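# Chains, contacts and geometry: an overview
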Amino acid sequence: MGNAIATAASVQDLSRSFGDVQAVEELSLAVPQGTIFGIIGPNGAGKTTTIRILMGILAADAGTINVLGESDPRRIKSRLGYLPEEKGLYKKMQVGELVAWFGELKGMSRRDATDAARKLLAEFDLESRWRDKCDSLSKGMGQKVQIAATLVHDPELVVLDEPFSGLDPINVEMVRDAMLALKARGRTVILCTHIMEQAEQICDALALINRGRVVLDGTLAELTGSGDTLTVEYDGAGADFGGLPGVGRVNDAGNVAELSLSADADPQAILQELLQRVTVRRFDTTTTSLHEVFVRAVREKGDDPMVEGEGEAA
Amino acid sequence: MSPRSVGLVARREFLENARTKAFWIGALSVPVLLVVSAAAGGFFASIRSVDTYAVLDQSGWVHDATRRHIIAEDLTEALDVIARRSVSSPADASNEREALLAEVRTAIDSDEDREAFQTRAAELIFTLATESGRIPSPSLAVEKFADWWVSDVDAVADAFGDTSLADYRELVPSRLDAAHLNALIAEDRLDGYFVIPEDPVRSGEGARYVTENLTDQDMSRWYGRGLTEVVQAQRLREENIDAETAEWLNETISFEAAKPLGAGAETADDADFLAQWAPIGLVYLLWISIFTINQMLLTSTVDEKSGKLAEVLLSSVSPADLMAGKVAGIGGAGLAIIAVWIATFVAFALAGLGLMARAGGDFDIGPLLNPAFLIGFVVYFLLGYLLYAAIFCAIGSLCNTIQDAQSLMMPMILVLMIPFLLVFPVARDPNGTLAVVASWIPPLTPFVMLNRMADPPGVLTFAGTSVLLAASVWYSLRIGGRVFENGILRTGKPPSLKQLPSLLRG
């Protein structure tokens, strides 16, 4: 990404370990201001450690940080909003009281926090639950309350770690709209997720992380490119895609397969060959999915996605 | 550290606790317990059954003598109660009984009058009781009193709860033989009867107490004590030993408790004994307070960690602010409970004193309200709470469940048991080696120093132990804060002892 774009947050050569586990190693990334930026990677890749450092919850062992122009994020906690992956509520607090209290914690007066909480809960269709105790909420409602508590003070930079987990499709849409509204107001959103499709749908730019390092970053268009993948939808459960001309890696999901094409591949020749093997229902030239981009990048570096270990704070 | 953040966390912790049933149950438990105890005491007193007895006296005289002895003892008790009453004119009395008691109070104003009154009343009561008679037109106070005594025994027992009439009544049946008395027992009209042998002065052999209820020997012991005194007096007479000589022979030597005063000594009164015991009560209260409030703190920390709240909180406040807010908020909630307990206790004590004063009693609560005790309690509570709070918070931050926390708590509970076990040894010897050494061990200091306040050590000891305790609190908060900071986001099992140093490093 070009340096001309203003960055809301950046880290340079960031490292952090927990005992013998190196959670993040010389990681660098820059989050453009006013965008939705995805930090993507499998569990244990170092996403949570990176954002905890950005939020001033953890200290880095090495590297430089810049968040909204500050090198120490602890000084600007009131300008940041954070929804962690592991979400919880004070069960015995009332919904409205809880959201307003988080606003106060971020420096708002009680009256302003209460007004903002009322407005935000109305946007999330939770106004009628103002006096309900949090333990009376469904999981989806609870998650919306947590998001409201994250946004109540109108932060300049918001980090949402797996915000869609546990939500039904309608609520997913509601949260997605909230993120887009933040972006429209010039706020910066960092979306942390291991579900590539979600990031693909909403992010303007992304960093793909594995084993504590950035393996790829850039805008969505830069990462996925154009027209180098064939998507084939076919009848049946699995098929033999071996030996197709000009086809490299195949990601076969059972009745949909993604075929990576070499530069000299001829889609027509591939289609003719495929028609002799399976009943083709759809045949499409598309951009490469993020999943595919990630797997290729990891393989090129000779890595495997790591799995999160027990006992570490990452 | 941000005072605003600490205050917000503290406010939330206080309100969350104050809204729980456990808080109100804890706060109201002592008042309810006191009210229930008082009510239960009154209730059980009101329903206390009176045991009935009869006496088969084969000697022909011992029971009458014992009756006189019992009447004399009861009269002494009753006249003591009447003598403690503030004098009021019979004309001002609210009812007939009050008027009679006021008249008696006036009649026993001097020792000579009281002795004469008691002798005459005893004679009248004995006569009326044995003959089941009444005085036709009593005019003198002693006559009215004796007549009331035998004609309204329940009222007498009610007015003088410490007399034997409140517990035991003699039944004089139409026939005094074993068969008839056994039948009365079988019919539940008699609880038991005594058989006095022909010559108990020579030998008590043959004395029996016949009853269905062999487990309750209270009445047997009570009557036996009176009878023994009568028989012993007779034996002394037969040996030509006069009563005064006998009393002198039987006199035991007991030391009267006194306090040093200048060149001499001053007799210790009830207030002095209370002053000696008050610190022990305060140590127990301190122990319960520190233990209870820190348990609340531990539970809250574990809840916050297991409820996945710690991370979102730490994105808004620093770990130090979070821990300080929790310690302050939960400490405040705990203090509110203790304040309710103390206020209730003081209110009950004052109400009790009021009742005692109306009944003619005299008791000084001053020692309990000694400012030194109260200031000592508050200071040692704050320092002791903070010392343990940091440790409990640190333990809570490492555990996802209360079960995990309990195993890590075990060493702390063992440490907390030590001051509990030291209470009486220190109270017995507040300046002994054990008390002095324990005072300088910070985890024990708050309890032991409070315990020693009955016989306080010098100012230097107070200052020195307090400085050491304050330094320990600071160190404990620092170390506990470090563990809390590094432990609160930790996942998985609690760390082993080997892993603790890495937690302190961060």
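Structure report, in brief.

Moving on to the sheet that holds strand E2 (residues 21-32) of chain A. Residue and element names in this part refer to chain A. With antiparallel pairing, three strands are arranged side by side in an open sheet as E2-E1-E4. Each edge of the open sheet is held by one strand with a lone partner, namely E2 and strand E4 (62-67). On average, each strand axis in the sheet is inclined to that of its neighbour by 15°, with strand direction left out of account. For strand E1 (residues 7-18) and E2, the ladder comprises eight bridges, and the chain directions are antiparallel. Bridge assignment links Phe18 to a residue of E2, and that residue is Val21. The sheet contacts of helix H1 (residues 47-54) involve E1, E2 and E4, and relative to E1 the element is tilted by about 120°.

All names here are of chain A. The strand order across the open sheet built from four strands is E11-E12-E10-E13, with neighbouring strands paired in antiparallel fashion. Looking at which strands have only one partner, the edges of the open sheet turn out to be strand E11 (247-252) and strand E13 (280-286). Taken over all neighbouring pairs, the strand axes of this sheet differ in orientation by 20° on average, direction set aside. Where strand E10 (residues 229-234) meets strand E12 (residues 256-261), five bridges bridge the pair, whose relative direction is antiparallel. Note on E12: the bridge partner recorded for Thr229 is Ser260. Contacts from helix H8 (residues 267-275) reach E10, E11, E12 and E13, with the element oriented near 160° to E13.

Our focus in this paragraph is the packing of aromatic side chains. If you walk through the whole model with that rule in mind, you get 20 aromatic pairs over all chains. Pairing Tyr234(A) with Phe241(A) gives two aromatic rings, centres 5.5 Å apart and planes at 75°, and the pair type is edge-to-face. Residues Tyr234(A) and Phe241(A) agree in their burial class; the two are buried. Judged by centre distance (6.2 Å) and plane angle (75°), the ring pair of Trp148(B) and Phe160(B) falls under edge-to-face. Taken together, the positions of Trp148(B) in helix H6 (residues 141-151) and Phe160(B) in the loop between helix H7 (153-159) and strand E2 (168-170) put the pair twelve residues apart, joining distant regions of the chain. There is no split in this pair, since Trp148(B) and Phe160(B) are both buried. Taken together, Tyr53(B), Tyr168(B), Phe194(B), Tyr209(B), Trp222(B) and Tyr223(B) form an aromatic cluster joined through their ring pairs. Positioned above the aromatic ring of Trp130(A) is the side chain of Arg118(A), whose terminal nitrogen or guanidinium carbon lies 4.1 Å from the ring centre. Over the ring of Trp101(A) we find Arg12(B); its NZ or CZ atom is 5.7 Å from the centre of that ring.

What counts, and at which threshold
- Residues numbered from 1 in each chain as written.
- Chains lettered and ligands numbered in written order.
- Predicted model: local features only at pLDDT ≥ 70, side-chain atom pairs only at ≥ 80, totals over all residues.
- Heavy atoms only, no water.
- Pairing = 2+ DSSP bridges.
- Helix = DSSP H or I, 4+ residues; strand = E, 2+ residues; numbered from the N terminus.
- Axes fitted to C-alpha atoms, helices over the stretch in contact; angles between N-to-C directions.
- Contact = heavy atoms within 4.5 Å.
- Phe/Tyr/Trp six-rings, centres within 6.5 Å; stacked < 30°, edge-to-face > 60°.
- Buried < 20%, exposed > 50% of the residue type's maximum accessible area, 1.4 Å probe, protein only.
- Lys NZ or Arg CZ within 6 Å of the ring centre and 35° of its normal.

No statement about biological role is implied by the geometric values presented.
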